[in-house]
Amino acid sequence: MYVGTAYHGWQIQKNAVTVQETLQQAVSKVVKHPVHFTGAGRTDAGVHARVYIANFRTTSTIPCDRMPLAFNARLPDDIVIVSAREVSEGFNAILSCRKKEYTYQVYNSRIRNAFYVDRAYFYPKHLDEGIMADAAQQFVGTHDFAAVRDVGTNVRSTVRTVYYFNVKREGDLITLKVCANGFLYNMVRIMAGTVLYAAEGKLTPEGIGEILLRGNRVEAGPTVPPGGLYMTKLWYKEPVGLETDREAEEPERSSSPA
C-alpha cells in the first residue's frame, strides 16, 4: 500500500520521484542486487493504493515471510510492504490481473476537513447521492469509453467492461467504487467528474449513454483531482495472498446507494 501524495505516480520517470523507483532502490539494498518491479498499474501523480501488487525476481535467500519487515525498514513511511510470497514463473502483476477496483472519495461538506486534504475531493455544494448512483449505473456494462479518457498512452481499443459502479454516503464522505477489466488513462477520474456533473444538473444520468456512444470527451465531466483516488481491489488468475482474492472470485453486483 502507499500514499501517493509525495510521488509522481507509480512508474519511473527521469526527473520525478515515483513509487516504483523508491521501492526498487530500497529493495535492492536489502537483497544486494538490482531489481525491477512490475506493477499492477500506472497510478498517476497523487493517486493512492490501499492494495497494490508488484512482482520482481531475486536470488536472495531471505524467506518471504521476513521480506516485509526487511524492506519496510528501508522504505519511507508512506510506502508499506504488507506481505510477500512466491508466485509462478509466468506471473506478471499487470498482465495476470483479471479485474481492478478503484475507489474515489468525495468529502461533501460546507467546511473542509483537514484530515482529508489530498485524501478526498472537497466539494462544498450538497450532492444528491441518489442522482450520483443513477448516473454511475449508466457506465456499467461493455462500452467504448473513449469519451471518458484523456489523451495518454496509446491503446489498441477503448472498449472496456465495467462490472459495477456503486455510490455510498457515510455522513459527509461519499465513496464511488468502480470495478472493470481495465481502465483507460484518467478514466475513473473522468467518470467520477461526470457523475458529479449529473448531481449538479449539468447533464442527466440517462444522457451518459449517449455521451459514450458519441465518444466526445468534451461532453463528459471534468477530470477530478487525483488525491481522492485509491486502488482498492485486485483479482488475479492465481492466488497472490490478498484478502481481496478471497472476498470475491467474481465482482459484486451493483447495489442501491446507502
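Quantities reported herein were computed from a predicted structural model and do not represent experimental measurements.

Novice: Please explain the overall build of the chain as it appears in this structure.
Specialist: Each helix and strand counted, the chain has 6 helices and 9 strands in total. Counting all 258 residues of the chain, 48% fall into the buried class. A sequence separation of at least 24 residues applies to 68% of the contacts in the chain between residues at least 6 apart. Distance between charge centroids for the chain: 5 Å, based on 30 positive and 27 negative side chains.

Novice: Any chance you could explain the confidence of the model for the chain here in plain terms?
Specialist: Atom-level detail of predicted coordinates should not be read off regions where pLDDT is low. Across the chain, the average pLDDT comes to 92, with 92% of residues at or above 70. Scored below 50 in pLDDT, residues 243-258 makes 44 contacts in the model with residues more than four places away or belonging to other chains.

Novice: Would you mind showing me how to read the packing of aromatic side chains here?
Specialist: In the structure shown here, the tally under the stated rule is 9 aromatic pairs. Residues Trp10 and Tyr52 carry aromatic rings whose centres are separated by 4.7 Å and whose planes lie at 35 degrees to one another, so their mutual orientation is tilted. Taken as a pair, Trp10 in the segment before α1 (19-31) and Tyr52 in the loop between β2 (48-49) and β3 (54-55) lie far apart in primary sequence, 42 residues in all. With respect to class, Trp10 is no different from Tyr52; both count as buried. Clustering of aromatic rings is evident, with ring pairs tying together Tyr2, Trp10 and Tyr52. A cation over an aromatic ring shows up here: Arg50 above the ring of Tyr230, its NZ or CZ 4.0 Å from the ring centre. Lying over the aromatic face of Tyr163, Lys99 brings its terminal NZ or CZ to 5.7 Å of the ring centre.

Novice: What should I look at first to understand unusual backbone geometry in this one?
Specialist: Where the residue is not glycine, phi is negative for most of them; where a peptide bond is considered, it is trans in most cases. The backbone phi angle of Lys32 is positive, close to 70 degrees, even though this residue is not glycine. As for its placement among the helices and strands, Lys32 is situated in the loop between α1 and β1 (38-39). One non-glycine residue, Asn186, adopts positive backbone phi at about 65 degrees. Of note, Asn186 is situated in the loop between β8 (173-180) and α4 (187-200).

Basis of the calculations
- Residues numbered from 1 in each chain as written.
- Predicted model: local features only at pLDDT ≥ 70, side-chain atom pairs only at ≥ 80, totals over all residues.
- Heavy atoms only, no water.
- Helix = DSSP H or I, 4+ residues; strand = E, 2+ residues; numbered from the N terminus.
- Buried < 20%, exposed > 50% of the residue type's maximum accessible area, 1.4 Å probe, protein only.
- Contact = heavy atoms within 4.5 Å.
- Lys, Arg positive; Asp, Glu negative; His and termini not counted.
- Charge placed at Lys NZ, Arg CZ, Asp CG, Glu CD.
- pLDDT = per-residue confidence, 0-100.
- Phe/Tyr/Trp six-rings, centres within 6.5 Å; stacked < 30°, edge-to-face > 60°.
- Lys NZ or Arg CZ within 6 Å of the ring centre and 35° of its normal.

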